[in-house]
Amino acid sequence: MKNKISLIGVPMDLGQSRRGVDMGPSALRYAGAIERLQDLNYDIHDLGDIPINRPDKYEDGTKLKNLEQVIEANETLAEMVDAEINKGRFPLVLGGDHSIAIGSLAGISKHYENLGVIWYDAHGDLNTSETSPSGNIHGMPLAVSLGLGHERLTNLYQYAPKVKPENIVIIGARSLDPGERELIREMGIKVYTMHEIDRMGMSRVMDETIEYFKDRTDGVHLSLDLDGLDPTEAPGVGTPVLGGMTYRESHLAMEMLAESDLITSLEVVEVNPIIDEKNKTATLAVGLMGSLFGEKLK
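Conventions we followed
- Positions within a chain are numbered from 1, following the residues in the order the chain's sequence is written.
- Reporting in this predicted model follows two pLDDT cut-offs: at least 70 for local features of residues, and 80 or more for side-chain atom pairs to be given and counted; totals over whole chains, interfaces and linings ignore these cut-offs and use all residues.
- Where side-chain values are given, they derive from all heavy atoms of the structure, hydrogens and water being excluded.
- Between N-to-C directions, angles span 0 to 180 degrees; the directions come from axes that are lines fitted to C-alpha atoms, helices contributing only their stretch in contact.
- Every helix listed is a DSSP run of H or I at least four residues long, and every strand listed is a run of E at least two residues long, numbered separately from the N terminus.
- Oblique is the label for any angle not under 35 degrees, not over 145, and not in the 65 to 115 range, which are roughly parallel, roughly antiparallel and roughly perpendicular in turn.
- By convention, the crossing between two helices is left-handed when the near helix turns anticlockwise from the far helix through less than a right angle, and right-handed when the turn is clockwise.
- Any two residues having at least one pair of non-hydrogen atoms within 4.5 Å are treated as being in contact.
- Each residue is assigned to one of three groups, with Ala, Val, Leu, Ile, Met, Phe, Trp, Tyr, Cys and Pro labelled nonpolar, Asp, Glu, Lys and Arg labelled charged, and all others, Gly among them, labelled polar.
- Only protein chains enter the accessibility calculation, which uses a 1.4 Å probe; a residue is then buried when its area is under 20% of its type maximum, exposed when over 50%, and partly exposed in between.
- We treat two strands as partners when DSSP finds at least two bridges between them.
- With the strands aimed away from the viewer, a crossover counts as right-handed if its path from the first strand over the helix to the second runs clockwise.

1. Concerning the packing of helix α10 (residues 247–260) against helix α11 (residues 280–292)
Part 1: Between α10 and α11, the shortest axis-to-axis distance is 7 Å and the interhelical angle comes to 30 degrees. Considering the angle they form, α10 stands roughly parallel to α11. For the crossing formed where α10 meets α11, the hand is right-handed. Residues Tyr247, Ser250, His251, Met254, Glu255, Leu257 and Ala258 of α10 lie in contact with α11, whose contacting residues are Leu284, Gly287, Leu288, Ser291 and Leu292.
Part 2: Broken down by class, the residue content of the contact of α10 with α11 amounts to seven nonpolar, four polar and one charged.

Now the structure itself:
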């Protein structure tokens, strides 16, 4: 399946308050995502961008922002991802904010008994409407996929949950809300914070992650949020947090995942070209995609 890749753009910025990540798919294409993978002899089918309906006005307050539009886009995404997997193709989703993971996982997980999820991110995205300080749905997709949160989100695509807590590994966390920390403890979710990455090194973190998934999962989805990297190297992201992973550490992580041959689907999210420097972050993201899909120096 990995030799045939279906690329789906989701120009969504409604899961958060800061505008700009809706241009992420265009920035990633402009940075050469398709050409990079074609050079590696992949069969790329670009399905274009899902149309996103804008709200009449941007909502304030702590309720779930732009709920209807987020649900609509994610239902469309789930259907498209599901259809491409049925055709034997690898789904590659370009975001957009991280709320699109709700649709990605809804379309992907039904094809696996035990889908593993690598959440490469500065954040846990484990909030619900009760714990979220902002009401931004891009801080909720992992909780939603575990079956926690608003019923219309958790039951998207008519089933829940999409993933089991023991099949999740979060890598790069350094900004967790109190409710998220409590949920991680309660559910026993495996997390490598920046503290662990600094102490252990990325090589050991990835060795342990790959070993952890090897016997317990029948597929692994990589949710790659560019804010997992340090903003000095990836400045154009939706929610930058200092003290993140380096470009080199991230390349090593992708190279090791390529060697493991575990990854069965990918989404790349939160690239914001408005606050970027000459499309630096999208270019970096395309480089990481190259490494994940087997690009080598020799």
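2. A word on the pairing of strand β7 (residues 219–225)
Part 1: The element β7 is largely enclosed, with a buried count of seven among its seven residues.
Part 2: The alternating pattern of β7 places Gly219, His221, Ser223 and Asp225 on one face and Val220, Leu222 and Leu224 on the opposite face, and all of these are buried.
Part 3: In the sheet, strand β4 (residues 115–120) pairs with β7 via six bridges, with the strands oriented parallel. Counted as the bridge partner of Gly116 is Val220 from β7.
Part 4: Relative to strand β8 (residues 263–269), β7 runs parallel, the two sharing six bridges. When the sheet's bridge partners are listed, His221 is paired in β8 with Ser265.
Part 5: Taken together, β7, α10 and β8 constitute a β-α-β crossover, and its handedness is right-handed.

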